[in-house]
Amino acid sequence: MNALPNLSPQARQLATTGLIVGVFLAALEASVVATAMPSVIRDLGGEGLYALPFAVYLLTSTVSSPLWGRASDVVGRRRLYLAAVLIFLIGSALCGQSHSMGLLIAARVVQGIGAGGLLPLTLTMVGELYSLQERSRVQSLISGVWGVSGLVGPLLGGWLTETLSWRWTFYASLPFGVAALLLALRFLPETGQPRPARIDWAGAALFTLGSGLVVWGLEQWQWLLVGLGAVTLVGAILLERRHPDPLLPMRALRERLPRVAFAGNLLGGAAYFGVIAYLPLYAQGVTGGGATAGGAILTPMLVGWTLTAIVTSRLVKTVPLARIAQVGFAVLVMMFGALTFAVHAPLWVTSALGFAVGTGMGFSMLSLLLAAQETSSREELGAVTSGVLFARQMGGALGTALMALLIGSAAIQSGGFELAEGLRRAYLLALGLVILALALSLRLRVTRPAQAPAPASND
């Protein structure tokens with residue numbers, strides 16, 4: 001990549017603070033809203049639409065992420081980041097003002113479109129503001145933001161719902177969004193290089209339609225939609241390969257490291273997010289715990305991911321990124337293998353193994369993202385970053401649906417021994433996925449860590 005922007009240390013810190021606050025905005029919303037939905041249903045009705053506010057948010061945030069990334073390569077990052085925050089805030093305000101489930105679902109669509117730009121644009125700009133060693137530290141802080149929001153969000157959502165109203169779970173994001181906007185307006189430089197380009201609108205439309213059909217079909221278990229989406233995505237890729245400025249980073253994907261980063265995030269996301277979707281059922285349906293235990297079993301995995309991301313930020317100075325990713329996937333292989341033998345074990349055993357699973361994800365996901373960024377040109381950086389995150393999210397949707405099939409609806413309803421055996425089958429699928437990811441990571445060339453460049457005179 002090109003030289004880092006010249007900023008004073010204070011300006012860069014304040015710009016980074018604005019970016020992190022923006023990520024906290026999306027992370028908090030993702031964890032706060034879940035606790036408010038029972039109250040939303042009691043107030044607005046529409047019990048049959050219970051899942052749609054979650055599904056449309058996931059759909060729009062997932063499929064819009066690559067669009068934000070590629071657009072930032074063409075028109076610049078800063079203005080799109082400001083637009084993403086503003087769209088998210090408008091969506092949040094509309095959610096709080098909703099007086100029917102239909103309006104709430106429509107507002108969540110707006111919110112999801114804004115959320116789709118926050119994380120990829122933030123990580124892309126961090127990649128341009130910092131050297132590799134500094135970037136890993138900042139991105140570990142961003143991982144910490146997700147960890148804190150995962151712990152604090154449900155408690156805050158419950159408190160706001162009980163003491164004020166469920167509407168305040170949406171309004172709570174507004175102060176953070178305003179702070180992010182003000183900091184970005186004042187201190188965030190334009191890190192991209194706007195350039196004239198002929199955007200592949202046909203490919204973008206096909207990619208958006210195909211991704212939407214796949215995600216929606218997986219959420220609703222409509223396999224015809226999934227098949228149509230897959231065919232549409234193949235058509236989009238064929239079209240993208242012939243376009244000079246494609247939505248997808250086709251030039252980068254010709255290189256081995258970005259390909260492995262995409263595939264590793266897809267496979268790791270499918271294994272990890274597929275499993276955590278059903279661990280609360282294990283806590284309640286197998287071990288006999290309550291709702292609190294169902295939520296608490298996820299905490300060790302989240303903490304493990306967050307802590308290991310921080311450790312990774314220290315390791316990149318001395319350990320090659322490819323080696324860190326290989327270690328992460330090796331840990332995932334061992335832990336998912338152990339989980340297949342622990343389906344009838346006490347809850348604390350699964351929690352301990354879950355913590356180790358989180359550490360494997362922290363090592364592998366962050367190192368692959370950093371490596372893909374480091375080998376990408378500035379013109380492709382936004383598309384590569386958003387593409388890696390899209391692969392992880394798509395993997396999560398795919399893994400959740402596949403594991404539901406393996407567990408079986410009868411086992412989910414009955415719990416007990418049948419649910420435990422269903423989870424064993426899900427763990428075996430996760431094990432196969434991370435074994436494949438480990439095999440792919442072993443094909444990466446291990447190189448010595450790059451030394452951090454000397455800082456500019458005014459930085």
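So, a few notes on the structure that sits alongside this text. (Residues numbered from 1 in each chain as written. Predicted model: local features only at pLDDT ≥ 70, side-chain atom pairs only at ≥ 80, totals over all residues. Heavy atoms only, no water.)

## Topic: helix α15 (residues 347-374)
Here comes step 1: Here α15 is 28 residues long and its end C-alpha atoms lie 40 Å apart, about the 40 Å a rise of 1.5 Å per residue gives.
Here comes step 2: Most of α15 is tucked away, with 23 of its 28 residues classed as buried. (Helix = DSSP H or I, 4+ residues; strand = E, 2+ residues; numbered from the N terminus. Expected span 1.5 Å × (residues − 1). Buried < 20%, exposed > 50% of the residue type's maximum accessible area, 1.4 Å probe, protein only.)

## A word on the side chain of Thr340
Here comes step 1: Here Thr340 lies in helix α14 (residues 321-340).
Here comes step 2: When its relative accessible area of 7% is taken as the criterion, Thr340 is described as buried.
Here comes step 3: For Thr340, the side chain forms a polar contact with the main-chain oxygen of Gly337, separated by 2.5 Å.
Here comes step 4: Residues within four places of Thr340 in sequence aside, it is in contact with Arg424, Tyr427 and Leu428. (Polar contact = N/O pair within 3.5 Å; in protein donor to acceptor, adjacent residues only side chain to side chain. Contact = heavy atoms within 4.5 Å.)

## Details of the packing of aromatic side chains
Here comes step 1: Counted under the stated rule, the structure contains six aromatic pairs.
Here comes step 2: A ring pair is formed by Trp166 and Phe170, whose centres lie 6.2 Å apart and whose planes are at 90°; its orientation type is edge-to-face.
Here comes step 3: On the basis of relative accessible area, Trp166 is assigned to the buried category, the value being 4%.
Here comes step 4: Relative to Trp305, the ring of Phe273 lies with its centre 6.3 Å away and its plane at 45°, an arrangement referred to as tilted. Placement of the pair is Phe273 in helix α10 (residues 256-276) and Trp305 in helix α13 (residues 299-315), with a sequence separation of 32 residues.
Here comes step 5: Overall, the relative accessible area of 27% leaves Phe273 in the partly exposed class.
Here comes step 6: Trp305 sits in the buried class, given a relative accessible area of 13%.
Here comes step 7: Here a set of aromatic residues connected by ring pairs shows up, and it is made of Tyr272, Phe273 and Trp305.
Here comes step 8: The cationic tip of Arg108 hangs over the ring face of Tyr57; the distance from NZ or CZ to the ring centre is 4.2 Å. (Phe/Tyr/Trp six-rings, centres within 6.5 Å; stacked < 30°, edge-to-face > 60°. Lys NZ or Arg CZ within 6 Å of the ring centre and 35° of its normal.)

## Let's talk about the pattern of salt bridges
One side chain can pair with another of opposite charge once the charged atoms of both are near each other.
Here comes step 1: On inspection of all chains with the given rule, the structure shows two salt bridges.
Here comes step 2: In this structure, Arg424 engages Glu421 in a salt bridge whose closest nitrogen and oxygen atoms are separated by 2.9 Å. Taken together, the residues Arg424 and Glu421, both in helix α18 (residues 416-441) and three residues apart, mark about one turn of the helix.
Here comes step 3: Residue Arg424 is classed as partly exposed on the basis of its relative accessible area, which comes to 24%. (Salt bridge = Lys/Arg side-chain N within 4 Å of Asp/Glu carboxyl O.)

## Some words on a positive patch on the surface
Here comes step 1: Taken together, the side chains of Arg256, Arg259, Arg443 and Arg445 define a basic patch exposed on the protein surface.
Here comes step 2: With respect to the helices, strands and loops of the structure, Arg256 is situated in helix α10.
Here comes step 3: Among the residues examined, Arg256 registers a relative accessible area of 41% and is labelled partly exposed. (Patch = residues over 30% accessible without salt bridge, like charges linked within 9 Å, V, L, I, M, F, W, Y side chains within 5 Å. Areas by Shrake-Rupley, 256 points an atom, 1.4 Å probe, with all protein chains shown as cover. Lys, Arg positive; Asp, Glu negative; His and termini not counted. Charge placed at Lys NZ, Arg CZ, Asp CG, Glu CD.)

## Regarding the packing of α15 against helix α16 (residues 381-407)
How two helices sit against one another is set out by the angle between their axes and by the gap between those axes.
Here comes step 1: Relative to each other, α15 and α16 sit at 155°, their axes nearing to 9 Å. For the element pair α15 / α16, the angle class is roughly antiparallel. Between α15 and α16 the crossing geometry is right-handed. Along its contact with α15, which presents Met365, Leu369, Ala372 and Gln373, the element α16 presents Leu381, Val384, Thr385, Val388 and Arg392.
Here comes step 2: Here the contact of α15 with α16 is built from residues that sort into six nonpolar, two polar and one charged. (Axes fitted to C-alpha atoms, helices over the stretch in contact; angles between N-to-C directions. Parallel < 35°, antiparallel > 145°, perpendicular 65-115°, else oblique. Left-handed = near helix turned anticlockwise from the far one by under 90°. Nonpolar A, V, L, I, M, F, W, Y, C, P; charged D, E, K, R; others polar.)

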